[in-house]
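An overview of the molecular structure
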Amino acid sequence: MKALIAILLLAAMAALGIPLFRFNRKRRHIARCVAASAPGQLEGIYACIDTFCASSPGGYVLARGNAETDEARCLVPVPEDFSGFPWSGKVIEVTSHKEVEFHFVDARVSAPTLLGRAYRIVPVPRHKGRNIFSPRRLIQNIPALRPALSAVCPAYPEDLLSYLLCAGSASFEFDPINQARIGLAPAWIQSPEKPRCDQCGKPMRLILQLPGTVIHEKLFHNGTFYLFGCPEHPRQTRSVGQCS
Ligand SMILES: [Zn+2]
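Residues numbered from 1 in each chain as written. Predicted model: local features only at pLDDT ≥ 70, side-chain atom pairs only at ≥ 80, totals over all residues. Heavy atoms only, no water.

At a closest axis distance of 9 Å, the pairing of helix H4 (residues 145–152) and helix H5 (residues 157–165) adopts a crossing angle of 85 degrees. Taken as axis vectors, H4 and H5 run roughly perpendicular relative to one another. Along the contact surface, H4 presents Leu145, Arg146, Leu149, Ser150 and Val152, while H5 presents Pro157, Glu158, Leu160, Leu161 and Leu164. Of the residues in the contact of H4 with H5, the class split is seven nonpolar, one polar and two charged. (Axes fitted to C-alpha atoms, helices over the stretch in contact; angles between N-to-C directions. Helix = DSSP H or I, 4+ residues; strand = E, 2+ residues; numbered from the N terminus. Parallel < 35°, antiparallel > 145°, perpendicular 65-115°, else oblique. Contact = heavy atoms within 4.5 Å. Nonpolar A, V, L, I, M, F, W, Y, C, P; charged D, E, K, R; others polar.)

See below:
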């Protein structure tokens, strides 16, 4: 009887363990491909998306790069050509001493820097429908994308795109709460809590969404943080944080 229980336990452990082992192996493989890629290769992937979204993107995501930077601050520049967005051209500093705070600062930066890493601002197409971020859909719509992805990671091009566009997660599984977003709609961990403007009472618009993992080495990793502002009164801003 004891032997039977031991065999059943071993079988259960194997059933759980093998998929997890495969998942981690695939995750490490994709991360290694990104780390080993030449800067021009990632840029080639992002340039395909740039071309596709050339006319009036709906917003942007911060995509992974493989370059480090000397900039110690967490700085996110809002693209200057983001039309109809009152905060375009501004630079947002994110601080995380006791809590996560957003400040507009006078700084000149060419790319977002978070925890010593540089990111690439990638436009998101202005589409109706819910799957605008779906890596599969992007690959279907942009013929040049699959070869550019395969050049970096021949085994898993689609999962690579998920990994690149979800800066906040070490996984290749696509989850919107792990995206760093400029503009666009917020992806909520809990129920939506869109703030309203103190001055006019209208719902505010998302300026920036950042997963906790890109803000601090250790803290806030179970949270996602949002900065909102009123399009009619751009000085009116409010930050929101949600935890899982
Ligand atoms: Zn207002």
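Now that the structure has been shown, we can carry on.
Take the packing of aromatic side chains next. All told, the structure shown has eight aromatic pairs when counted by the stated rule. When the centroid spacing of 5.0 Å and the interplanar angle of 35 degrees are considered together, the rings of Phe23 and Phe172 count as tilted. Residue Phe23 is located in helix H1 (residues 2–36), and its partner Phe172 is located in the loop between H5 and strand S7 (181–183); the two are separated by 149 residues in the primary sequence. Between the aromatic rings of Tyr60 and Phe82, the centroid separation amounts to 5.1 Å while the plane-to-plane angle is 80 degrees, which identifies the pairing as edge-to-face. Here the residue Tyr60 occupies a position in strand S1 (residues 59–68), and Phe82 occupies one in the loop between strand S2 (74–77) and strand S3 (91–96), the gap between them amounting to 22 residues. In terms of burial, Tyr60 and Phe82 fall into one category: buried. (Phe/Tyr/Trp six-rings, centres within 6.5 Å; stacked < 30°, edge-to-face > 60°. Buried < 20%, exposed > 50% of the residue type's maximum accessible area, 1.4 Å probe, protein only.)

The next point concerns the environment of Pro211. Within the fold, Pro211 resides in strand S8 (residues 205–211). Between the C-alpha atom of Pro211 and that of Arg22, which follows or precedes it by 189 residues, the distance is 26 Å. Sequence-distant contacts of Pro211, defined by excluding residues within four places in its chain, comprise Gly168, Ile177, Asn178, Gln179, Ala180, Gly223 and Thr224.

Scanning the entire structure with this criterion turns up eight salt bridges. Here Arg120 ties to Asp50 by a salt bridge, and the two come within 2.6 Å at their closest N and O atoms. Residue Arg120 is located in strand S6 (residues 117–124), and its partner Asp50 is located in helix H2 (residues 39–52); the two are separated by 70 residues in the primary sequence. For Asp50, a relative accessible area of 28% translates into the label partly exposed. One salt bridge connects Glu71 with Arg73, and the closest N-O pair in it is separated by 2.9 Å. By relative accessible area, Arg73 is classed as partly exposed at 36%. Put simply, Glu43, Asp50 and Arg120 are held in one network by salt bridges that share partners. (Salt bridge = Lys/Arg side-chain N within 4 Å of Asp/Glu carboxyl O.)

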